[in-house]
Amino acid sequence: MYNCSKCPGYCCSYPIIGMTKHDVQRIADHFGLGFREAVKKFTKPQEDEKYSMRRKADEHFGRICQFFDTEERRCTIYTARPKVCRDYPGGRCGYYDFLASERRSQEDDELVATTWNA
């Protein structure tokens, strides 16, 4: 299996992190904000998603979730995170698959295929 605490935030770097109305309300409550204020502050309109998480710059992935701590490489709103984050990976983790493949091809069980060190 995989250990999310060793991951540099692969799933948090997806171009679109879709959210439901309930997700936005949960984050609003977390920060003590109203729903509309949270929509304005934390979401970005997308064509195929009603609510999508705003992102910020990240040295490893280019862009990442605005609530991801880029120094500690962890979620800063873990208890209020959107459903898509709660359900991830839902089957297979893309970063784990990538890392496992690199380790097999390099015949190195300790290889971490990133510039980020745990």
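The rules behind the values
- Residues numbered from 1 in each chain as written.
- Predicted model: local features only at pLDDT ≥ 70, side-chain atom pairs only at ≥ 80, totals over all residues.
- Heavy atoms only, no water.
- Helix = DSSP H or I, 4+ residues; strand = E, 2+ residues; numbered from the N terminus.
- Buried < 20%, exposed > 50% of the residue type's maximum accessible area, 1.4 Å probe, protein only.
- Contact = heavy atoms within 4.5 Å.
- Salt bridge = Lys/Arg side-chain N within 4 Å of Asp/Glu carboxyl O.
- Axes fitted to C-alpha atoms, helices over the stretch in contact; angles between N-to-C directions.
- Parallel < 35°, antiparallel > 145°, perpendicular 65-115°, else oblique.

How should the overall build of the protein be read in this particular structure?
Each helix and strand counted, the protein has 4 helices and 6 strands in total. Ordering the α and β elements of the protein from the N terminus gives β-α-α-β-β-β-β-β-α-α. Scored against the burial criterion, the 118 residues of the protein give a buried share of 30%. Excluding contacts between residues fewer than 6 apart, the proportion of contacts in the protein whose partners are at least 24 apart in sequence is 52%.

Would you explain the pattern of salt bridges in this entry?
Proximity of charged atoms lets side chains of opposite charge pair with each other. Tallying each qualifying case throughout the model produces 3 salt bridges. Across the pair arginine 26 and aspartate 23 runs a salt bridge, and its minimum N-O distance is 3.1 Å. Pair noted here: arginine 26 and aspartate 23 are both in helix 1 (residues 21–31), with a separation of 3 residues, about one helical turn.

Would you explain unusual backbone geometry in this entry?
Only a minority of non-glycine residues have a phi that is not negative, and only a minority of peptide bonds are not trans. Even without glycine at this site, arginine 73 takes up a positive phi of about 60 degrees. Locating arginine 73 in the fold gives a position in the loop between strand 5 (68–69) and strand 6 (74–75). For arginine 73, a relative accessible area of 5% corresponds to the buried category.

Got a minute to help me understand the packing of helix 1 against helix 2 (residues 35–42) in this structure?
Helix-helix packing is characterised by the crossing angle of the two axes and by the distance between the axes. At their nearest, the axes of helix 1 and helix 2 sit 9 Å apart, and the two run at 100 degrees to each other. Between helix 1 and helix 2, the crossing angle belongs to the class labelled roughly perpendicular. Within the contact between the two elements, helix 1 uses Lys21, Val24, Gln25, Ile27, Ala28 and Phe31 and helix 2 uses Phe35, Ala38, Val39 and Phe42.

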